[in-house]
Every structure is written in C-alpha cells, then in structure tokens.
Amino acid sequence: MEQKARWALALHGGAGTILREKLSAAGEASFREGLAHALTCGRAALKGGGSAVEAVERVVVALEDNPLFNAGRGSVLTSQATVEMDAAIMDGRARDAGAVIGLRMVRNPVCLARKVMEESDHVVLAWQGAEAFARRVSAETVDPEWFITDHRRKQLEDAREAAMVTLDHNDGKYGTVGAVARDSAGNLAAGTSTGGMTNKHPGRVGDTPLIGAGTYADNRSCAVSATGHGEMFIRLTVARDIAAMVEYQGLDLAEAVRRKVLIELPEIGGSGGVIALGRTGRPVLTFNTRGMYRACQSEGGQAEIGIFAD
Ligand code: ASP
C-alpha cells in the first residue's frame, strides 16, 4: 500500500554571490524574517488542508509583497527604468499551468498567473493582453511607481554606469522568488515570480514564466521552481528536464537536480539553483552559486532557513 503523502514545502528568494561578509547582521535578519514569514503562509495553507496550488500562491504572494526580493514590489528595473514582471504557476494534478509576461501594474503577478490557469482558455498571456485580462478578472492593480524602490533605482544607475545587464543585485544575486509544495493528498504544485534582470532590454523574457524552463509540476514526477541566469535555464529546459529524468529514467530527484544544476548548467556558464519536491520525501534545494535564500519544512519536521552555501 502506498504510504500517505506528508505535506512538504520549499521556497527560494533568489540565488547568487551572497557572501556572509557583505550582508550586515540586520540585513541577514530581515531576509531570514521574510523567508520565515513566507514559509508560515504556505505552512498554514497546507496544515489547514489547503491544496498545493494554494500554498504555493500564498508563499509567492508573501515574497512578492516583500521589497527585499526581486518580484512584485521591489522588482528590478529595465534599461528604461520601468518594471516588467513575469510569473508562472503549475498544478501537478492535471498539469494545468498559467503564466503572465511583462506586467506593469498587477500587484501580485502569481495571482494573475493562477487566474490564467483557472479562468482562461490559455496558458500564457503577455503585455497589454495580460493587463486587459487582469481588468476583466478584477485583479488588484497599482500605480507602476508603487513597485519601484530607491534601492532598485540605485542599482539601475550602477548598472548603466557599468554598461551591464545585471541579475538582481550588483553582487550577482538572482532575486526571483518561487515555491514548490506537496499537499497531504499527494498533489504537487510549483510557482515562480520575478522582475527579471536589472537594466534588461525592454521585452526581455526569462525562464520564470516559461513552463518547463523555470517552473514545472507533475504529480507523476516532481515540482520544480528555478532561480538564476534565465537565458541558460531556458536553453536547458531545466525544470521539465528534471521531471523527465525522474519520470523516464527513474532517477532519484536529488540526483536529477544535481545533474542539471551542478553539472549541465555550469557547462554553459549557467549560475543559479532550483528547489524541488517529489511524490514523497524531503524537499531538494540545490544551487551552484555562493548562496540561495531558501526555506523548507516537511510535515512533522522543523522549519529550515538558509542563505549561504555552508
Ligand atoms: N531567472 C530570473 C530571470 O532570468 C532571474 C532570477 O532568478 O533572479 O529572469
């Protein structure tokens, strides 16, 4: 008889060159607090019998609303000093998915992605079409300026001076947020949300909203959410490939993730990490950078929060 699934949850707030010596004690405390709060939101959903999709959405909303992370409020700026946000969510039950690209006014992109999944005939909506859909489903919108923080303006100035397209912080951190969950019915879900890259070309789309690149969930294999240099994650279809290794090769989830993140991505210069959850077992959180803002918890276990590689 198959063992009853235990609920489990993992989240990330971006990966990169996150160095202990560069993060002040107060800064570290704020990040830890933000991660703990997001974990609490997801855990409450799962403990209350909520679905994996519900838990993932709640976690991502908490991180989108936290200006420390590069998603929702606090998103990084394009070369034209605007915000263009992308998000995706996937339900592993029937492999339903929804994604949004290039949002400028929707407060919580992951919620709109869920509405695309549940209330439209489509999987991906972009730009003005996505904003029109947001109005139709009465998604909360805010003035585009609301998303922009002083820290992001300064980052853009620095990136312009250096004539560089940088990934979130100048220290090379990818601040995208994401979550994977397994509910007690054994269903899996994944969600990811991002502002993309500082000084990015307007119209640039990363891996986050591309199903199979930055986000994927299938009850038969696993749920995956990625963070890192999106172009490389797209080229290697990272999230779907991990699921395929588990599904077709019968590989252990941790081994599939290790191959993708620690071997194949570095081969093409791709830095970042993923969080993943299988049908059973503990969450897998793996990155090839100096750190990844992360947290996880499984039913009956303690909450774990991490930032640095060690
Ligand atoms: N993967 C995101 C992107 O390329 C960046 C990140 O993870 O912070 O848009």
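You'll find the structure just up there.
Quick caveat, the model's predicted, so the values are computed rather than measured. (Residues numbered from 1 in each chain as written. Predicted model: local features only at pLDDT ≥ 70, side-chain atom pairs only at ≥ 80, totals over all residues. Heavy atoms only, no water.)

How should I be thinking about the pattern of salt bridges in this particular structure?
It is possible for side chains bearing opposite charge to pair when their charged atoms get close. According to the stated counting rule, one finds 22 salt bridges in the structure shown. Its salt-bridge partner being glutamate 84, residue arginine 104 comes within 3.7 Å of it at the nearest N-O pair. You can see arginine 104 sitting in the loop between β3 (96–103) and α3 (109–119) and its partner glutamate 84 sitting in the loop between α2 (52–64) and β2 (85–91), a full 20 residues away along the chain. On the basis of relative accessible area, glutamate 84 is assigned to the buried category, the value being 3%. Through salt bridges that share partners, Glu54, Glu57, Arg58, Arg114 and Glu118 make up one connected network. (Salt bridge = Lys/Arg side-chain N within 4 Å of Asp/Glu carboxyl O. Helix = DSSP H or I, 4+ residues; strand = E, 2+ residues; numbered from the N terminus. Buried < 20%, exposed > 50% of the residue type's maximum accessible area, 1.4 Å probe, protein only.)

Just checking my understanding: could you explain the environment of lysine 47 for this structure?
Within the secondary structure layout, lysine 47 lies in helix α1 (residues 25–47). Exposure remark for lysine 47: the relative accessible area of 61% places this residue in the exposed category. Sequence separation of lysine 47 and tryptophan 7 is 40 residues, and the distance between their C-alpha atoms is 8.1 Å.

Hey, could you run me through the site of the ligand in this one?
The full set of residues close to the ligand is Tyr174, Gly175, Thr176, Gly196, Arg204, Gly206, Asp207, Thr208, Thr227, Gly228 and Gly230. Between glycine 228 and the ligand, the recorded distance is 2.7 Å, taken from a backbone N or O atom to a nitrogen atom. Considered on its own, the ligand offers 270 Å² of accessible surface; in the complex 100% of this is hidden by protein. Taken together, the residues that form the shell around the ligand break down as 1 nonpolar, 8 polar and 2 charged. (Near = heavy atom within 4 Å. Polar contact = N/O pair within 3.5 Å; in protein donor to acceptor, adjacent residues only side chain to side chain. Areas by Shrake-Rupley, 256 points an atom, 1.4 Å probe, with all protein chains shown as cover. Nonpolar A, V, L, I, M, F, W, Y, C, P; charged D, E, K, R; others polar.)

Would you mind showing me how to read the layout of surface pockets here?
Any space left empty among the atoms is revealed by the rolling of a water-sized probe across them. Computed from the structure, the second largest pocket encloses a volume of approximately 170 Å³. Every residue along the wall of the second largest pocket is listed here: Ser221, Cys222, Val246, Asp252, Leu253, Ala254, Gly278, Arg279, Thr280, Gly281, Arg282 and Val284. Of the residues assigned to the lining of the second largest pocket, the class counts are 5 nonpolar, 4 polar and 3 charged. (1 Å grid on protein atoms, 1.4 Å probe; cavity = no way out; pocket = protein on both sides within 12 Å on 5 of 7 lines; lining within 4 Å. Points joined across faces, edges and corners; volume = space filled by probe spheres on them.)

In this structure, what is going on with the pairing of strand β5 (residues 177–182)? I would like to understand it.
Residues in a regular strand project their side chains so that they alternate between the two faces of the sheet. With respect to burial, β5 is a largely interior element, 6 of its 6 residues being buried. On β5, burial covers both faces: Val177, Ala179 and Ala181 on one face and Gly178, Val180 and Arg182 on the other are all buried. Pairing of strand β1 (residues 8–16) with β5 involves 5 bridges; the strand directions are antiparallel. Of the residues in β5, the one forming a bridge with histidine 12 is glycine 178. Across 6 bridges, β5 lies against strand β6 (residues 188–194) in antiparallel orientation. When the bridges of β6 are listed, alanine 181 appears paired with alanine 189. Taken together, β5 and the strand that follows it, β6, pair antiparallel across an intervening segment of 5 residues, in which glycine 186 is found at a positive phi of about 90°. (Pairing = 2+ DSSP bridges.)

What am I meant to see in the sheet that holds strand β12 (residues 304–308) here?
In any sheet, the strands associate via hydrogen bonds between backbone groups, in a parallel or an antiparallel arrangement. Reading across from one edge, β4-β3-β2-β6-β5-β1-β11-β12 is the order of the 8 strands in this open sheet, with mixed pairing throughout. Every interior strand has two partners, whereas the edge strands, β4 (124–126) and β12, have only one. Pairs of neighbouring strands in the sheet enclose a mean axial angle of 10°, with direction left out of account. Taken together, the 7 bridges between β1 and strand β11 (residues 291–298) define a ladder with antiparallel strand orientation. In the sheet register, glycine 16 faces β11, and the bridge partner there is glycine 291. Sitting on the sheet, α2 touches β1, β2, β5 and β6, and the angle it makes with β5 is about 160°. (Axes fitted to C-alpha atoms, helices over the stretch in contact; angles between N-to-C directions. Contact = heavy atoms within 4.5 Å.)

Even after reading the chapter, I still don't get the environment of valine 177, so can you show me in this structure?
On the secondary structure map, valine 177 appears in strand β5. Taking relative accessible area as the criterion, valine 177 reaches 0% and is therefore assigned buried. Sequence separation between valine 177 and alanine 163 is 14 residues, and the spatial gap between their C-alpha atoms is 26 Å. In contact with valine 177, not counting residues within four places along its chain, are His12, Gly13, Val60, Leu63, Phe69, Ala71, Gly191, Thr192 and Ser193.

Function-wise, these values are silent; they only describe arrangement.
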